Amino acid sequence: MGYANGVLCPQGKQPLLSFGVISDVQYADIPDGRSFLGVPRYYRHSVRVLQRAVQKWNQEKPNFVLNFGDIVDGFCPKDQSMIAVKKIVNEFDKFNGPVYHMIGNHCLYNLPRKDLLPLLRIPGHDGHAYFDFSPIPEYRFVILDAYDISAIGWPEDHPNTLKALKVLQERNPNSDKNSPDGLVGPERRFLKFNGGVGKEQLEWLDHVLQEATKLNQNVVVCCHLPLDPGASSFAALLWNYDEVMEVIHRYSCVKVCMGGHDHKGGHSVDSHGIHHRVLEAALECPPGTDSFGHIDAFDDRLSLFGTDRMKSSDMVFGQ
């Protein structure tokens, strides 16, 4: 894995590990359509993108794959939801290694958490979908549950649903809570298709980062929803990204935050030198094009080698 796309990795070093990345497959067995902004969406072709990704990853042999959520689309007919999710999970399972999934809003439009999390083999607890893992001593990956506080996915009377509805009522005056009309700047994030991280998860994150600091690990935080306004449309941000970043900024171990959801992608470096990389969506690839990649991890950077729509990025820590 020292080479990718014919380019020698930084400084000629061999990476400490490598992992595949893809986001927003949003498969559905329906004709092509467009987003609310008029961007073409290729619902049936997206599974082809995933198939080519798995084929490429099996050639490159990364240590694992990260799927940043939204594996099926909200327009998928509800009587086909289970079939569609199983179809995409089956394609991911053709990768010769571990696959770690995140949940997104489109996943939750199709199936409730109680059905979705077992299908994705997410090692959460009590319906929560946050966890962490350390594939090598030098690195830890933290997977956040972006829809912990959410009006979708939980039962209607669940405390987290009620909290989410209260947030939307207070922060979004529109009758359609998916409309950002009249909301300005980062306030545009208070939409029903977004969500937030609850207190318990924030406390868990703080504990994990304490442990990673003691072990001198580089931490990569992964979340379906972006965590920095510089890398994302305001309307795609996690509701309480500021609270999450306040916890993250207490520690120097977090080097990169990665996300999906905002299909055009993005890259920023925040005031603490943390890279924020939002991945370009597989759903918006015209037939014959792709959006996936693999990342080589070194002691001082992550190097993303993207395919077609997914832009390559060199994320040097602290720069």
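Everything numeric in this text was worked out from a predicted model, so none of it was measured.

### Let's talk about the overall build of the protein
In terms of regular secondary structure, the protein is built from seven helices and 16 strands. Against the compact-globule benchmark of 20 Å for 319 residues, the protein has a radius of gyration of 18 Å, which places it among compact chains. Contacts in the protein between residues at least 24 apart in sequence constitute 66% of all its contacts with a sequence separation of at least 6. If you sum the accessible surface of the protein, you get close to 13,100 Å²; carbon and sulfur atoms cover 52% of it. Separation between the mean location of the 32 positive side-chain charges and that of the 39 negative ones in the protein comes to 3 Å.

### Quick notes on unusual backbone geometry
The phi angle at Q26 is positive, at roughly 45°, despite the residue not being glycine. One non-glycine residue, H261, adopts positive backbone phi at about 75°. Among the residues examined, H261 registers a relative accessible area of 11% and is labelled buried.

### Remarks on the side chain of E60
By secondary structure assignment, the location of E60 is in helix α1 (residues 46–60). Among the polar contacts listed, one links the side chain of E60 to the side chain of H294, at a separation of 3.2 Å.

### Regarding the UniProt feature "domain: Calcineurin-like phosphoesterase" (unreviewed entry) in the protein
Cross-referencing UniProt, the feature "domain: Calcineurin-like phosphoesterase" (unreviewed entry) maps to residues 18–264 in the present numbering. This span, residues 18–264, is 32% helix and 16% strand, and a straight line between its end C-alpha atoms measures 24 Å.

### Quick look at the packing of helix α2 (residues 81–92) against helix α4 (residues 113–120)
Contact pair α2 / α4: the axes reach a minimum separation of 10 Å and the direction vectors enclose 20°. As judged from the angle between their axes, α2 and α4 are roughly parallel. The hand of the α2/α4 crossing is right-handed. The residues of α4 that touch α2, namely those facing M82, V85, K86 and V89, are D115, L116, L119 and L120. A class-by-class count of the residues in the contact of α2 with α4 yields six nonpolar, no polar and two charged.

### Concerning the confidence of the model for the protein
Looking at the protein, the pLDDT average stands at 95 and 97% of residues meet or exceed 70. Confidence over residues 1–8 falls short of pLDDT 50; this stretch has 20 contacts with residues more than four positions distant or in other chains.

### Describing the pattern of salt bridges
Here the structure, examined in full by the defined rule, presents 19 salt bridges. Here D132 and R140 are joined by a salt bridge, their closest N and O atoms 2.5 Å apart. Taking relative accessible area as the criterion, R140 reaches 13% and is therefore assigned buried. Through salt bridges with shared partners, a single ionic network connects R41, E284 and R309.

### Examining the packing of aromatic side chains
Taken as a whole and assessed by the stated rule, the structure comprises 13 aromatic pairs. Between F19 and F64 the ring centres are 5.2 Å apart and the planes differ by 5°, which places this aromatic pair in the stacked class. Pair noted here: F19 is in strand β3 (residues 17–22) and F64 is in strand β6 (residues 64–67), with a separation of 45 residues, a long-range link. Note on F64: relative accessible area 2%, which makes it buried. Geometrically, the ring pair formed by W57 and F292 is edge-to-face, given 6.1 Å between the ring centres and 75° between the ring planes. With W57 in helix α1 and F292 in strand β14 (residues 291–297), this residue pair connects regions lying 235 residues apart in the sequence. Judged by its relative accessible area of 0%, W57 is buried. Grouping aromatic residues by their ring pairs yields a cluster made of F19, F64, Y100, F131, F133, Y139 and F141.

Rules used in this analysis
Residues numbered from 1 in each chain as written. Predicted model: local features only at pLDDT ≥ 70, side-chain atom pairs only at ≥ 80, totals over all residues. Heavy atoms only, no water. Helix = DSSP H or I, 4+ residues; strand = E, 2+ residues; numbered from the N terminus. Rg over C-alpha atoms; globule rule 2.2 N^0.38 Å. Contact = heavy atoms within 4.5 Å. Areas by Shrake-Rupley, 256 points an atom, 1.4 Å probe, with all protein chains shown as cover. Lys, Arg positive; Asp, Glu negative; His and termini not counted. Charge placed at Lys NZ, Arg CZ, Asp CG, Glu CD. Buried < 20%, exposed > 50% of the residue type's maximum accessible area, 1.4 Å probe, protein only. Polar contact = N/O pair within 3.5 Å; in protein donor to acceptor, adjacent residues only side chain to side chain. UniProt positions renumbered as here; feature names shortened; annotations may be inferred. Axes fitted to C-alpha atoms, helices over the stretch in contact; angles between N-to-C directions. Parallel < 35°, antiparallel > 145°, perpendicular 65-115°, else oblique. Left-handed = near helix turned anticlockwise from the far one by under 90°. Nonpolar A, V, L, I, M, F, W, Y, C, P; charged D, E, K, R; others polar. pLDDT = per-residue confidence, 0-100. Salt bridge = Lys/Arg side-chain N within 4 Å of Asp/Glu carboxyl O. Phe/Tyr/Trp six-rings, centres within 6.5 Å; stacked < 30°, edge-to-face > 60°.

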